[in-house]
There are 2 protein chains.
Amino acid sequence: MGEQRYVGAQSICFTEDIYVLGRAAIVGKKEGEGPLRSFFDEIDETDMFEGKNWNDAESRMMQKAAALAIRKAGLTPKQIRMLFAGDLLGQLLASSFGAGELPIPFLGVYGACSTMGESLLLASMAVGGGFADCTEAVTSSHFASAEKEFRFPLGYGNQRPLTATWTVTGSGALVVGNRAALERCRAQREEEKGRCAGALCAGVEVVISGGTIGRVTDFGIKDKANMGACMAPAAAEVVETHLKDFHRMPEYYDKIITGDLGEIGAKIFADILGQKGFQVEPVQEDCGLLIYDNELQDTHSGGSGCGCCAVTLAGYLLDKLYEGEWSRILFVPTGALLSPVSANEGSSIPGIAHAIVLERKGEEK
Amino acid sequence: MGEQRYVGAQSICFTEDIYVLGRAAIVGKKEGEGPLRSFFDEIDETDMFEGKNWNDAESRMMQKAAALAIRKAGLTPKQIRMLFAGDLLGQLLASSFGAGELPIPFLGVYGACSTMGESLLLASMAVGGGFADCTEAVTSSHFASAEKEFRFPLGYGNQRPLTATWTVTGSGALVVGNRAALERCRAQREEEKGRCAGALCAGVEVVISGGTIGRVTDFGIKDKANMGACMAPAAAEVVETHLKDFHRMPEYYDKIITGDLGEIGAKIFADILGQKGFQVEPVQEDCGLLIYDNELQDTHSGGSGCGCCAVTLAGYLLDKLYEGEWSRILFVPTGALLSPVSANEGSSIPGIAHAIVLERKGEEK
């Protein structure tokens, strides 16, 4: 019998280190004007990524991010054994077409804006379980393709309520691998020094050490312009379960960073956890609140979309870990499970969230 | 470092047995009139499953199948650590809402009609990697919800070309687990003898022993009424890769069973593999051709949909393995990655397929 790698009610732990080998964050114009601009690899001022329509633009952006993360790891696509990818569009349109250009075995995943959590957990599990030495997780969203899919055509010029979030145009990709893959990447980097400089060369690593898989929770909220409220209960539940499964308190983490709850959702999330006896405010962050300046950029309640937490992780969050500002974070992508059909039929919007532990390893600062 | 469980270019192998612990196949009226009727657990003559619309019907069907497979395994939902589920609808509508009623950590997956391949591989990997003792894979499709999503409203009464397949109304679920979970199920079954009778009680087991993860392949076909042709190249590629990765010939398997290529796709699949030096005809079957009597039931090229190969596996294929008619099969669910948007924009339809090895273990017949 193999080693047991599950803990408590819903959690998993990695008994060997799963290393972040490469990462890429590619965004559109608005994200490039926001407070995280310096953490992104590439900003496309046209939002089109040389595509011929919005869906095509998203596919190309996703494919670019996936390829760039592999290149930055010092690897080739052929060395990646599995690609876990997803997006917000029906039938994973952006990922399916983007993956078609990459010669990597493909596993499509969907958890709305929590998809980066799911894809990163599965990519890590594939490595941790010995099914691959090297895998990749990538997700994307595009403001224009998402508005078309879920709300109104851009040309209609509808007013957005203040509870609404702004779908991020961006794609974040992470290549993860085992110790052997890390050694290979390092040797490769040593050879091509300068091309992929950064903390990795200096012996500092970020590892994925565990996680908690969330359940679908439905609090009966039906307002698709208030997704923070739909997702907050799911995020609170998965964080509570995580802390109990591992017998930890919130302050065990330097930061607990939710996906895209936005202003309203983040408040509800902290309130629910407070009632359960967990004070998260001192360590709480939200990718949806980090990515835009809501006042200056008129984004109302914050950013959202599969790309939101993916680019924030691949850019800003990992930088903070590599640089030693934080040594351990809980990354909690959150998703609102609505479809245009379910929303128009008056169904409620269930939420889901997954939690992932990322830790810095290496010389202490 | 953990045990290496990957083989060749795209394959994985399970170094410990992953057991099928429970299974359920629930279908609609047309499937209940077909040649496999006696292999299904439940047939709903109304196709509505007490739902209030087609999407809701599919959600309820999926939820019923998931719950029944757990019950037949002698387990409770709380004992399942992860649920891998998917369907054809935008944003996995059926699975998301169905999973909301089950207290199981949820991971949504999408690979069009190949989804049962993906969910079963991931469910098995989670167990094989030590991340769970017990997981479940379930997929669904519904003729009426799929026609609405992809083609024409039923009331429009359009004519279907002879290349078209008929989306199966059905949901298939498999509970898989490790040796310890099997022992628990057996003890439970021993206690409640009679309730879950069958081959499992007699010491015969079916195990999942390996698989090959497919890549997205695009041969430029644009006809959404000829999905067999879109998927056949992907199926041929994954089977060829599988046979090469494991150094096997087609006759190593009693049957190589594709998902839902239908009449035209199955022919193309065999032709491509023949050109590569692999004669599959003697062992070839296709779930899309098994599930209906195409002449009597007017289903043209055969059955399709996420539910097609799922119910055929959970019902017919596993029965043949438990009964000893076959001792080893390669199950190859196939998917056509189209969305209503991509199809209407004139994009091609890429295909994908995954291969899974299922083997009988126990006293020889």
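Model, not experiment: these values are computed from the prediction. By convention here, each chain's residues receive numbers from 1 onward along its written sequence. Each chain takes a letter, starting from A, and each ligand takes a number, starting from 1, following the order in which they are written. Predicted model: local features are reported for residues with pLDDT of at least 70 only, side-chain atom pairs are reported and counted for 80 or more only, and whole-chain, interface and lining totals are derived from all residues. With hydrogens and water set aside, each side-chain value is computed from the structure's full complement of heavy atoms.

1. Description of the interface of chain B and chain A
- Taken residue by residue, the interface counts 71 residues in chain B and 71 residues in chain A.
- With both sides pooled, the region where chain B packs onto chain A buries about 5,100 Å², and carbon together with sulfur makes up 64% of that total.
- Ranking the residues of chain B by area buried against chain A places B:Arg81, B:Gln91 and B:Phe131 at the top, with a combined share of 16%.
- Salt bridges are defined by distance alone: a side-chain nitrogen of Lys or Arg within 4 Å of a carboxyl oxygen of Asp or Glu. Here B:Glu345 and A:Lys148 are joined by a salt bridge, their closest N and O atoms 3.9 Å apart.
- Think of a polar contact as two N or O atoms within 3.5 Å of one another; within protein, one of them needs to be a possible hydrogen donor and the other a possible acceptor, and neighboring residues in sequence only count if both atoms come from side chains. Run the count over chain B and chain A and you get 24 residue pairs in polar contact (both at pLDDT 80 or more).
- In the scheme used here, Gly and all other residues not listed as nonpolar or charged are polar, with Ala, Val, Leu, Ile, Met, Phe, Trp, Tyr, Cys and Pro taken as nonpolar and Asp, Glu, Lys and Arg as charged. By residue class, the composition of the side of chain B that touches chain A is 37 nonpolar, 22 polar and 12 charged.
- The pairing criterion for strands is at least two bridges between them, as found by DSSP. The helix and strand labels rest on DSSP assignments: H or I over at least four residues marks a helix, E over at least two residues marks a strand, and numbering proceeds from the N terminus. Bridge count for strand β5 (residues 106–109) of chain A against strand β5 (residues 106–110) of chain B is 2 bridges, and the pairing is antiparallel. Bridge pairing in β5(B) links A:Gly108 to B:Tyr110. Should any heavy atoms of two residues lie within 4.5 Å, those residues are considered in contact. Once two parts are joined, some of their accessible surface, as seen by a 1.4 Å probe, is lost; buried area is that loss totalled over both.

2. Thoughts on unusual backbone geometry
- Notably, A:Ala112 is not glycine yet its phi reads approximately 50 degrees, a positive angle.
- Within the secondary structure, A:Ala112 sits in the loop between β5 and α4 (115–128).

3. Some details on the side chain of A:Arg5
- Summarising the element assignment, A:Arg5 is placed in the segment before β1 (6–7).
- A distance of 2.6 Å separates a polar atom in the side chain of A:Arg5 from the backbone oxygen of B:Gly129.
- Once residues lying within four places of it in the same chain are set aside, the contact partners of A:Arg5 are A:Ser11, A:Ile12, A:Cys13, A:Thr15, A:Glu16, A:Gly128, A:Gly129, B:Gly2, B:Gly129, B:Gly130 and B:Phe131.

4. Notes on the packing of aromatic side chains
- Between the rings of Phe, Tyr and Trp (Trp by its six-membered ring), a pair exists once the centres lie within 6.5 Å; its type follows the angle of the planes, with under 30 degrees stacked, over 60 edge-to-face, and the other angles tilted. Enumeration according to the criterion identifies 12 aromatic pairs over all chains in this entry.
- Considering the side-chain rings of B:Phe143 and B:Trp166, the 4.1 Å spacing of their centres and the 5 degrees angle between planes classify their relative orientation as stacked. Taken as a pair, B:Phe143 in helix α5 (residues 143–150) and B:Trp166 in strand β7 (residues 166–167) lie far apart in primary sequence, 23 residues in all.
- Partly exposed describes any residue whose relative accessible area lies between the buried limit of under 20% and the exposed limit of over 50%, with all areas from a 1.4 Å probe on protein chains only and scaled to the type maximum. Exposure remark for B:Phe143: the relative accessible area of 13% places this residue in the buried category.
- Three or more aromatic residues joined by ring pairs make a cluster, and in this case those are A:Phe39, A:Tyr316 and A:Trp326.
- Think of it as a cone above the ring: NZ of Lys or CZ of Arg counts as a charge over the ring if it is within 6 Å of the ring centre and within 35 degrees of the ring normal. The ring of A:Tyr252 carries the charged tip of A:Arg328 above its face, separated from the ring centre by 3.9 Å.

5. Points about the packing of helix α2 (residues 54–72) of chain A against helix α5 (residues 143–150) of chain A
Residue and element names in this part refer to chain A.
- Only the contacting stretch of a helix is used when fitting its axis, a line to C-alpha atoms as for every element, and angles between N-to-C directions run 0 to 180 degrees. One way to put it is that α2 packs onto α5 with a least axis distance of 8 Å and a crossing angle of 130 degrees. With respect to their mutual orientation, α2 and α5 come out oblique. The element α2 and its partner α5 pack so that their crossing is left-handed. Along the contact surface, α2 presents Trp54, Asn55 and Glu58, while α5 presents Ala144, Ser145 and Lys148.
- Residues belonging to the contact of α2 with α5 are distributed by class as follows: 2 nonpolar, 2 polar and 2 charged. When an angle is under 35 degrees it counts as roughly parallel; over 145 it counts as roughly antiparallel; between 65 and 115 it counts as roughly perpendicular; any other value is oblique. Working rule for handedness: look at the near helix, and if it is turned counterclockwise from the far one by less than a right angle, call the crossing left-handed; if clockwise, right-handed.

6. Regarding the environment of A:Glu50
All names here are of chain A.
- Assignment of secondary structure puts Glu50 in the loop between β3 (42–44) and α2.
- Along the primary structure Glu50 and Ile12 are separated by 38 residues, whereas in three dimensions their C-alpha atoms are 40 Å apart.
- In this view, Glu50 contacts Asp44 and Arg60; residues no more than four positions away in its chain are not counted.

7. Notes on α4(A)
All names here are of chain A.
- The span one expects for a helix is its residue count, reduced by one, times 1.5 Å. The terminal C-alpha atoms of α4 lie 19 Å apart, and with 14 residues this matches the ideal 20 Å at 1.5 Å per residue to within 8%.
- With respect to burial, α4 is a largely interior element, 14 of its 14 residues being buried.
- Just beyond α4, the residue with positive phi is Gly130, at close to 85 degrees.

8. Some points on the packing of helix α7 (residues 227–245) of chain B against helix α8 (residues 262–275) of chain B
Residue and element names in this part refer to chain B.
- Relative to each other, α7 and α8 sit at 35 degrees, their axes nearing to 8 Å. Here the hand of the crossing between α7 and α8 comes out right-handed. Mapping the contact onto sequence places Gly228, Ala229, Ala232, Pro233, Ala235, Ala236, Val239 and Glu240 in α7 and Gly265, Ile268, Phe269, Ile272 and Leu273 in α8.
- When grouped by side-chain class, the residues that make up the contact of α7 with α8 number 10 nonpolar, 2 polar and 1 charged.

9. Digging into the relation of the copies chain B and chain A
- Between the two copies, chain B and chain A, the superposition gives an RMSD of 0.0 Å; the rotation angle is 180 degrees and the shift along the axis is 0.0 Å. The transformation relating the two chain copies, once decomposed into turn and shift, fits a two-fold axis.
- A shared interface surface links the copies, since 100% of the contact residues of chain B are contact residues in chain A too. What sets the superposition is a least-squares fit of C-alpha atoms, and only residues with pLDDT of at least 70 in both copies go into it.

These results come straight from atomic positions and should not be treated as a statement about function.
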